[in-house]
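An overview of the molecular structure
Residues per chain, in single letters:
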Amino acid sequence: MPLNEIQLIGESPSFLKVLEEVSTLAELEKPVLLVGERGTGKELFAARLHFLSKRWDSVYLQVNCASLTETLLESELFGHEAGSFTGAMRKHMGRFERAHTGTLFLDELATASMRVQEKILRVIEYGEFERVGGTGTIQTNVRIVAATNEDLPTLARAGKFREDLLDRLAFDVITLPPLRSRKEDILLLAEHFAIGMANELGRDVFPGFADAAKELLENYDWPGNVRQLKNVVERAVYRNDPDELVDGVIVDPFESPYRLNGSASASTSDNWESFFELPMDLKKTLEDLEIQAIEKALVEAKHNQRRVAENLGLTYHQLRNLLRKYSLSTSRSTAE
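Let us look at the structure shown here. Please read these numbers as outputs of a predicted model, since none were measured by experiment. (Residues numbered from 1 in each chain as written. Predicted model: local features only at pLDDT ≥ 70, side-chain atom pairs only at ≥ 80, totals over all residues. Heavy atoms only, no water.)

1. Quick look at unusual backbone geometry
In this model, Thr101 sits at a positive phi of 75°, which is unusual for a non-glycine residue. Its location among the elements puts Thr101 in the loop between helix H4 (95–98) and strand E3 (103–107). On the basis of relative accessibility, which here comes to 34%, the residue Thr101 falls in the partly exposed class. Phi is positive for Ser327, which is not a glycine, with a value near 55°. (Helix = DSSP H or I, 4+ residues; strand = E, 2+ residues; numbered from the N terminus. Buried < 20%, exposed > 50% of the residue type's maximum accessible area, 1.4 Å probe, protein only.)

This is the structure we're talking about:
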């Protein structure tokens, strides 16, 4: 993955600060720890650290520690000798051996066992290890970049992560900002993903987002961060008419009036009984229900107020009064 293929897009202060930190750290030979929520692009920043470093023309390898069992992860990292365990028919060179003079990215390191952590620590401290089932010591010169979405100091205090390994990895820690803290970047990223999807679909142009779609994208919390935004935008583009502004943005693809859930077997009366628990504030409860019904109707009618009113059995003026009463967004609400 050449540096020019690493898609790191943004102009928010928090994003630019991280880019600057990465550029500074790339010149060093020290381990780096990347911390961030899922979907914040830890693997992209790790690749950038490598390709901006003096090791840019050497090998760059990565391992997702959560995707392998302890035995397989140990073998994948350090290699094994033939006959070292059932199924080991021939010698296997591990990632530390193959990444000699380059960079090894250890994603989701918090999931690695204490045994594997101990062996990683030895590589960092002494630059050496043994293959599984081997007796000879192998020397390696590898820069380690690790990533996690866990709070490692908390895990270390609980005895679930080696404190000495944490000390060595935490020469410097780069904490990636979540997308909700990068409001200025949301539409920039959305446009980028939308254009890419339009190209993939063979369309000549991406017409843009409608105001309601922009408002939804900017105000959503994005727990899945950039990865979730990409999925949402690409889904919206492929479902949309190629010549119209995108306004049918569906954040939750599982949303459906027929959605299966854990309470599907409960009767309607049981559901309502649990909802209306006594004592209760009847006025507030009914207002909440009214707001939910209006918001759902707005989404399904794409904020066309005439259709919203019809679907709710209201007159247009009754709907307008309710929108004002509850201060509901009318940025895309029209009387078409």
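2. Details of helix H8 (residues 183–200)
Between its first and last C-alpha atoms H8 spans 27 Å; for 18 residues at 1.5 Å apiece the expected length is 26 Å, and the two agree. Within H8, the full set of buried residues consists of Asp185, Ile186, Leu189, Ala190, Phe193, Ala194, Met197 and Ala198. Packing partners of the buried residues in H8 comprise helix H1 (13–26), helix H9 (211–219) and helix H10 (225–239). Positioned one or two residues after H8, Gly202 has a phi angle of 80°, which is positive. (Expected span 1.5 Å × (residues − 1). Contact = heavy atoms within 4.5 Å.)

3. Things to note about the pattern of salt bridges
Where charged atoms from two side chains of opposite charge approach closely, those side chains can pair. Summed over the entire model, instances satisfying the criterion amount to 17 salt bridges. For Arg131, the salt bridge identified is with Glu81, shortest N-O distance 2.8 Å. A residue pair is termed long-range when its members are at least 10 positions apart, and Arg131 in the loop between strand E4 (128–129) and strand E5 (138–139) and Glu81 in the loop between helix H3 (70–78) and H4 qualify at 50 residues. Glu81 sits in the partly exposed class, given a relative accessible area of 25%. Put simply, Lys284 and Asp288 hold a salt bridge, and the shortest N to O gap is 3.0 Å. With a gap of four residues between them, Lys284 and Asp288 both fall in helix H12 (residues 282–300), about one helical turn apart. On the accessibility criterion, Lys284 (46% relative accessible area) is partly exposed. (Salt bridge = Lys/Arg side-chain N within 4 Å of Asp/Glu carboxyl O.)

4. Considerations on the packing of helix H13 (residues 305–312) against helix H14 (residues 316–325)
Where H13 meets H14, the axes come as close as 9 Å, and the angle between the chain directions of the two elements is 100°. Comparing the axis directions of H13 and H14 gives the class roughly perpendicular. Judged by residue contacts, Gln305, Arg306, Val308, Ala309 and Leu312 of H13 engage Tyr316, Leu319, Arg320 and Leu323 from H14. Classifying every residue of the contact of H13 with H14 gives six nonpolar, one polar and two charged. (Axes fitted to C-alpha atoms, helices over the stretch in contact; angles between N-to-C directions. Parallel < 35°, antiparallel > 145°, perpendicular 65-115°, else oblique. Nonpolar A, V, L, I, M, F, W, Y, C, P; charged D, E, K, R; others polar.)

5. Remarks on H1
Taking 1.5 Å of rise per residue, the 14 residues of H1 would be expected to cover 20 Å, and the 20 Å separating its terminal C-alpha atoms lies within 8% of that figure. Listed as buried for H1 are Phe15, Val18, Leu19, Val22, Leu25 and Ala26. Down the axis of H1, the sector holding all buried residues measures 135°, keeping them to one side. For H1, exposure combined with an orientation more than 90 degrees from the buried face picks out Pro13, Glu20 and Thr24. (Arc of directions from axis to C-beta.)

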